[in-house]
Amino acid sequence: MDTLGFILDAEQGERGWRLAEYVQRGGYAALKKIISEKIPPENIVAELKQSALRGRGGAGFPTGLKWSFMPRQFSGAKYVVCNSDEGEPGTFKDRDILRWNPHMVIEGMIIAGYAMGCQRGYNYIHGEIWEIYKRFEEALEEARAAKLLGERILDSDFSFDLYAHHGYGAYICGEETALLESIEGKKGQPRYKPPFPASVGLYGKPTTINNTETFASVPYIINEGGDKFLQLGKPNNGGTKLFSVSGHVNRPGNFEVPMGTPFKDLLAMAGGMRGGRKLKAVIPGGSSAPVLPADVIMECTLDYDSIAKAGSMLGSGAVIVMDETTCMVKALERLSYFYFEESCGQCTPCREGTGWLYRVVHRIEHGAGRPEDLDLLNSVTDNIMGRTICALGDAASMPVKSFIKHFGAEFEYHIQNGKCLVPEDAQRAGSGFFKVA
Amino acid sequence: MLEIEIDGRKTEVADGSTVMDAACKLGIFIPHFCYHKKLSIAANCRMCLVEVEKAPKPLPACATPVTNGMKVFTHSKTAVKAQKGVMEFLLINHPLDCPICDQGGECQLQDLSVGYGQGASRYQEEKRVVTNKNLGPLIATDMTRCIHCTRCVRFTQEIAGWMELGQAFRGEHAEIMPFIEKTVDSELSGNIIDLCPVGALTSKPFRFAARTWELSRRKSISPHDGLGANMIVQVKYDRVFRVLPLENEDINECWLSDKDRFSYEALNAQGDDGRLTKPMLKQCGEWREVDWQTALEFIGTDLKRVAREHGAAAIGALASPHSTLEELYLLQKLVRGIGSGNVDSRLRQTDFSLDGKQVTPWLGLPVAEIPALDRVLVVGSFLRKDHPLLAQRLRQAAKKTTRVSLLHVADDDSLIRLDAKSIVAPSALTAELAGVVKAAAEAKGVAVDAALAGIQPSAAARAMGESLASGEKTAIFLGNFAQQHAQAATLHALAQKLADITGARFGYLGEAANSVGAGVAKATPDAAGLNAARMLAEPRKAYFVLHAEPELDCANPAQALAALRGADLVVAMTPFRTRAVDYAHVILPVAPFTETSGTFINTEGRVQSFNAVVKPLGETRPAWKVLRVLGNLLELPGFDHDSSEAVRAEALGGKPASVAEQLNNRADGVAINLTATTPALQRIADVPIYFADPLARRAASLRQTRDALPPAARMNAATLAKLGLAPGAQVKVSLGGTATLPVELDAGVPDGCVRVAAGHELTSGLGPMQGELTVERA
C-alpha cells in the first residue's frame, strides 16, 4: 500500500527542505492564490470547516471551528501560535515535518494569520530538537528574504511575521496555555480555562494555537479544496494523518496515510511484528491514550471516531506497538514515572497523585505489591481524572486505568507471585537489547 | 445580574462573579486553600470543587464564572467525593506533625481535614521532605508542610508589589522559595504568615511561645503610622504574645504592616533600653527608684518653683504624636492650666508659618475612597516606608484606573506603577511643585498668580500637571517629607492652589497614629505659645516630654538635647528606659498603648478608641491618670475625670462620633516663597521605617531586618566623584553637629544631596534634617 504523502514522502519522509525545493513542489501556491485572488478570510475558514480537518496535536478539535472563535472585530494584537513542543512519548511526527517540510508549516501559519487577522505568529519548538529549531530559523530567513513573511507580503496589504521559540524540553509546555506562559518568559504552567486562549491568550490577547501537522495541512486544503481533503479520509475525519509507529515492529517510523486506514495496513507498512512475534497491545495515540489489546486494535481503522469507539483516542497518532514479550506492569511503571516527573506541580491531584501512582506501580513491579493495590490505583486515578487544571492528570491516569482493565491478570500475578507472568528471558528476547542464545 | 442557585438557594450576582462569590454572598462555605478574596485566582488547590448541573466533571468554585440559571451543589455526593479526594492528596505528603506545629489550632488544613479527611492514610510510601528556607528575621519556615497554594507567592507579587517568592521545580519536587540567597524584605511580609493556610510559614518572634487557644484576642489600634490599622492583640498572663490584623475594609483591609505586627516585642523589652517599671528620680546626681507619690510631689513642687522664679512661659511640653488623644488633651490642659502656651507634638516639623490659620491637617478624604480616584499626586513621601498600607492601596489603585504621580527627593522604588515622576533636591521641591501648578493651570486654561510668573515647568512637572488636569476625581497628598520640609507652608500653598485649579481633593498623609488627634486635642501652641522648634531653639527652664525621645524624634536632635540638658526640670513620661537618664530629672513609667485605654484619630479623621489589653507592667500607670493626678497636685481646676472616656468626651467637645468639622486643610493668604538657596551639598533625611517611634525602635526582630540596617551617607555617583569618595569610605558628616558614617552609593539620590537618615542613634548627633552639610573623610 502506498502512503499518500503531501506532507512527507513515502520513504520516511525525506525531501528537500529549502524554499526553492518547496516552491518547486508547488509550495506557497496557496498563499499566492489567496493574495492574488484576495480571497476573503471567512471563505478560508469555511473551506477548513468543509475539509473536516481536526487538530493533529491530540485532542482532534475541528480546526475550522477553532479558527472561527477568534474575535473578528478585536482591534489590538492577535496571535497565531504553532505548537511544535512534541513531548508525548511515542510521538515524533512534528520533528520530521519541521525537518523535511518547514515551509509547509510556515505557509500554513501565514494563511492562518491571514484568515484570523493576526500580524504575528510564534512557533514553539521542543527544546530537545535543537537542530530542527535552527533549521526552522533558516527557513524563516528564506521566507522573509522572498517577501513571503514580514511587511506587505508579496506586495499586498497583508503583513505577518513569524518567530521561532524553543522550549527546554518540559512536557507540560506542550499544553497550550503552559506553552503561552513559556513564550511570555514565565514558568510553564497551564492556566485555568475559561478564559480560553481565543479570548485571553498570548500576552492577554486573542490567540489560536494549532499543532504543526494541522498547519501543514492547510496549504493542501486551499490548493485542492476542502472537499478533496475530506475525501482523502472519511466523513468527519478529513485528510491524511501522520502516524509515528514505534515499538516491536520491523520498521519504525513516520507514515502518512489517509484517515480511516485499517490498523492492519499501518502495521504492515511498518514491516510487521519484529521477529514474527504475536501482537499483545497497542497504545494508539501517544502515551496518554488508553492501551488497546491486540484483538481490539486489529479491528480498528485509524481515525478519531473508530479509535474512540474502541475505548481509546487517536491522539497525536503515536502508535506504540507491544508484542507478547512485554511485561505490562513494567511498561506502565515507565509511563507512570514519566507523568510523575513531568507534572508541573501546580494543582494538587496531579502533583501528589502522579507520584502516588508511580510508587504503587513501582512496588508491584518490584514484587512488593499488595492485594488492595489495584483497587487503590483505580481509586487514585478516579480522584485525579477530571479534577486537575489541565489534561496531564487525565493523561497520567488513563494508562493506569486501561492497563489494569485489559491486563489486570498480569498485575494480579505480579502481586501474588512477586514476579512477572512473562518470563524474564522472553522479555529480554523481545527487547532487542540482549543477545539471547 | 445573573441568577444562580446553590444548594437550592437562589441569589443574583453581578456579571463576572464566580461561584465562590455567589456562595460567599449566600453564606455557604465551600472549603478552599488557595482562594483568597484579595489575591488573584489560582485554582490550584482544587479543594473548592463543586458539582455544577450539566457539567461533566466537578468545577472549582473559585474560578468558575457564574452563568445565568446555573445550579450548583456544594455538598452533593459528587462534590464531597471530589473534595475528599483532594484532601487525601493534600495530606499524603503533609507531615501531620500537628502536635509540634505552630499553626496547630489555627490551621485551615487541620480544620478541614476534620470534615474531609480520613482516619488513616492509604498512602504508605515515604513522604516528601523539603529543606527550610531563610526568609529573614520575621518569618519561620517549615517547607515540608507546604501545600503549594501559592498564596504567599501571589501576595508578594500582587499586594507587596515585588515578587520575592516563587515556586521553583516541577511536580512533587516543587518548592516555594525566595530568590537564591535572598530573604523576604517587604515591609508587608508578615501577612504571608496569616495567608499561609498551613504551618509552612509562621511567625519567628512568636514561634513556640503559646498555642492560639491559650491566647485571648483583644481589639486594638496600631500606634504607628497615620492609618490606624485595626489589630487583634493576643495576650496571655498579662503579656502580649502576638499581633494580628483585625479586618476593616475601610482602613487596613485584612493586612498589617510588619511594623504594626511585630513592634509588640518592644512591650516586653528588657535591659538598657527596655521597659521601665518604677518612677525614677534623680537626686544628687544619682538615679533612685521612688514611689509615685514622691515622684509626683517632687514634680509639683519644682514646677511651682520654676513658674514662680521664671514665669509660666518657661515651661514647655513636647509630646509624641503617637500619644493618645486623652494624654495629649490632658497634657495641654495641664500646661495651659499652669499658664504656659508652650505645647506641641509636631516634633519633626520646621516650618510653622501656617499656625494661626486654623489648619488641622488630615487626609482630605476617607482612605476607602482612594481606589475611586482617577489621578493622584503624592508630594514628598517615602511612601512605602512611611505609609506601607496606604502605599499598598495606591499600588492596587494604580493597577486599575488610578494614575499616580510622585514628586519627591529620593528615587526609592515605590513599587507603584507611576504615571509621572520627578525626583529633585529638597531645595528644588517648591520650584518643581510650582512648575506642576503652572503646567496644570495652562492645561486648564487658568491664569496663575504673579508669584509663579517666572516658573518654567520641567518636562516631568508638565507631565504631572497635565496628568492631574486630565482627571475627574483627583487628589494631592503631602507626605511626611513635605510636612518636615523647611518650606512646608509654601508647599502647602502650592498644593492648595493646584487643588483649586484641578478641582482636586488635597490633604496630608498623617505621619503618626495621632497626628490628627493632636490637632483635635489642641496639643499645638496658640498665638501666645511656642511651637516645638522654638521651645528648643529658645530653651525653657522646665520640659514635659511625653512618649517622645527628643534626641531621635525632633527635627534638630542636637539642639533638642542641648536644650533639655540645660533645663532645671525635665519630666520624661515614657514606657521605656530612654536617653532621658542623661537629661531628665524625673522619669515616669507610663503605659504604652496596650496598657491604657485611649483614642487615636487616624489620618482620615476616624476616631478609634481602644481598651487596655493587658495590665500595666510593674508600677507603670496610664499617662492620662498621671496627668490627672498632677493636675490635682497643682490644684488646677477640671482634672476630675474618672475614666479615659470622660477625658475623650471633653477633648472632643461631647461629640465622639465625628471630628469632621474640626478638620481643615485650607489656609488662605499663605505667601508663596519660591526663593530657595541651593547649598553646595544638602541633606535628605528620611526616618527609617523601624526607627520612626520609640516602640518600633525597640522591637528586636524588626531591628534585624534589612530596613533596619544602620544609616549611611548615601550619594549618587556624580556627588561621590565630586567629593572624591568611594563607597565604603568612612566620612564625617557635619550639619549642626557631626556623625561618622560609611559612604554608600545610591543612584536614587539627586545631585548635590547626601541622604542621611534621621531617627537613629548613629545620626542623633546631627542637627537639622535639612540644610547644608559638609562631608569629609573621617
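Residues numbered from 1 in each chain as written. Chains lettered and ligands numbered in written order. Predicted model: local features only at pLDDT ≥ 70, side-chain atom pairs only at ≥ 80, totals over all residues. Heavy atoms only, no water.

Novice: What is the right way to look at the overall build of chain B in this model?
Specialist: Looking only at helices and strands, chain B features 23 helices and 32 strands. Seen along its three principal axes, the alpha-carbon backbone of chain B occupies a region of about 90 × 65 × 55 Å. Put simply, of all contacts in chain B between residues at least 6 apart along the chain, 72% involve residues at least 24 apart. Looking at chain B as shown, the accessible area adds up to about 28,200 Å², and 52% of this sits on carbon and sulfur atoms. Across chain B, the centroid of the 85 positively charged side chains sits 2 Å from that of the 87 negatively charged ones. (Helix = DSSP H or I, 4+ residues; strand = E, 2+ residues; numbered from the N terminus. Contact = heavy atoms within 4.5 Å. Areas by Shrake-Rupley, 256 points an atom, 1.4 Å probe, with all protein chains shown as cover. Lys, Arg positive; Asp, Glu negative; His and termini not counted. Charge placed at Lys NZ, Arg CZ, Asp CG, Glu CD.)

Novice: Could you clarify how one ought to interpret the interface of chain B and chain A in this entry?
Specialist: Where the parts come together, the accessible area they lose is often given as the size of the interface. Counting residues at the interface gives 36 residues for chain B and 34 residues for chain A. Taken together, both faces of the contact between chain B and chain A bury some 2,900 Å²; the carbon and sulfur share is 49%. The largest share of the area that chain B buries against chain A comes from F89(B), R122(B) and R170(B), three residues that together contribute 25% of it. Linking chain B with chain A are four salt bridges. Where the side of chain B that touches chain A is concerned, the elements lending two or more residues are α2 (77-92) and β7 (165-168) of chain B. Among the elements that line the side of chain B that touches chain A, the one with the most residues is α2(B), at eight residues. (Buried area = accessible area lost by both parts, 1.4 Å probe. Salt bridge = Lys/Arg side-chain N within 4 Å of Asp/Glu carboxyl O.)

Novice: Can you walk me through helix α12 (residues 459-469) of chain B in this structure?
Specialist: The periodicity of an α-helix, 3.6 residues per turn, causes residues three or four positions apart to be oriented the same way. Of the residues making up α12(B), those classed as buried are A461(B), M464(B), G465(B), S467(B), L468(B) and A469(B). The inward-facing, buried residues of α12(B) contact β17 (375-379), β18 (403-408), β19 (418-423), α11 (429-444), β20 (474-478) and α14 (488-502) of chain B. (Buried < 20%, exposed > 50% of the residue type's maximum accessible area, 1.4 Å probe, protein only.)

Novice: Before we go on, may I ask you to explain the sheet that holds strand β4 (residues 59-60) of chain B in this structure?
Specialist: One key point about sheets: their strands pair by backbone hydrogen bonds, in either a parallel or an antiparallel sense. Residue and element names in this part refer to chain B. Here five strands make up an open sheet; going across it, the order is β2-β1-β5-β3-β4 and the pairing mixed. The open sheet is flanked by β2 (9-13) and β4, the only strands paired with a single partner. Seen against the sheet, helix α1 (residues 19-26) touches β1 (2-6), β2, β3 (49-52) and β5 (70-73) and runs at an angle of roughly 115 degrees to β2. Relative to the sheet, α2 contacts β3 and β5, its axis offset from that of β3 by approximately 160 degrees. (Pairing = 2+ DSSP bridges. Axes fitted to C-alpha atoms, helices over the stretch in contact; angles between N-to-C directions.)

Novice: Looking at this model, I keep getting lost on the sheet that holds strand β10 (residues 216-221) of chain B. Mind explaining?
Specialist: All names here are of chain B. Reading across the sheet, the three strands line up as β10-β11-β12 and stay open at both edges, with antiparallel pairing between neighbours. In this open sheet, the two edge strands, each paired with only one partner strand, are β10 and β12 (239-245). In this sheet, adjacent strand axes meet at a mean angle of 35 degrees when their direction is disregarded. Across six bridges, the pairing between β10 and strand β11 (residues 230-236) is antiparallel.

Novice: Would you mind showing me how to read the pattern of salt bridges here?
Specialist: When charged atoms on two side chains of opposite charge get close, those side chains can pair. Counted according to the given criterion, the structure contains 78 salt bridges over all chains. Notably, a salt bridge pairs K186(A) with E184(A), separated by 2.8 Å at the nearest N-O pair. The exposure class assigned to K186(A) is partly exposed, which follows from its relative accessible area of 45%. Accessibility expressed as a relative area gives 18% for E184(A), which makes it buried. Two residues, K38(B) and E249(B), come together in a salt bridge whose shortest N-O distance is 2.5 Å. Of the two residues, K38(B) sits in the loop between α1 and β3 while E249(B) sits in the loop between β12 and α6 (258-262), which places them 211 residues apart along the sequence.

Novice: Before we go on, may I ask you to explain the nonpolar core in this structure?
Specialist: Most often, soluble globular proteins have nonpolar side chains that are buried together. In terms of nonpolar packing, the biggest core is built from 68 residues, with F33(B), L109(B), F155(B) and F477(B) touching the most fellow members. Where this core is concerned, the elements lending two or more residues are α2, α3 (108-116), α4 (151-159), α5 (191-195), β17, α10 (388-399), β18 and β20 of chain B. With near-sequence residues (within four places) excluded, L109(B) lies in contact with F33(B), M87(B), L90(B), L91(B), H94(B), I147(B), P197(B) and V198(B). If you look at the next biggest cluster of nonpolar residues, it comprises 58 residues, including A112(A), F136(A), V218(A) and L242(A). (Core = buried A, V, L, I, M, F, W, Y, C linked by side-chain atoms within 4.5 Å.)

Novice: How do you make sense of the packing of helix α2 (residues 29-37) of chain A against helix α9 (residues 212-224) of chain A when you look at a structure like this?
Specialist: All names here are of chain A. Look at α2 against α9: their axes get within 8 Å of each other, and the N-to-C directions meet at 55 degrees. Comparing the axis directions of α2 and α9 gives the class oblique. As α2 packs across α9, the resulting crossing turns out to be left-handed. Counting all contacts with α2, which are made through A29, A30, K33 and I34, the residues of α9 involved are P219, I222 and N223. (Parallel < 35°, antiparallel > 145°, perpendicular 65-115°, else oblique. Left-handed = near helix turned anticlockwise from the far one by under 90°.)

Novice: When you look at the pairing of strand β24 (residues 586-589) of chain B in this model, what are you seeing that I'm missing?
Specialist: On a regular strand, one side chain projects to one face of the sheet and the next to the other, so that they alternate. Residues and elements named next belong to chain B. The side-chain alternation of β24 yields two buried faces, one formed by V586 and L588 and the other by I587 and P589. As judged from the four bridges shared by strand β23 (residues 569-574) and β24, these two strands associate in the parallel manner. Paired with A572 across the bridge in β24 is I587.

Novice: How do you make sense of a nonpolar patch on the surface when you look at a structure like this?
Specialist: Residues and elements named next belong to chain A. A cluster of nonpolar side chains, contributed by F61, L65 and F69, occupies part of the molecular surface with about 260 Å² of accessible area. Among the structural elements, L65 can be located in helix α4 (residues 63-68). Look at L65 and you get partly exposed, because its relative accessible area is 34%. (Patch = residues over 30% accessible without salt bridge, like charges linked within 9 Å, V, L, I, M, F, W, Y side chains within 5 Å.)

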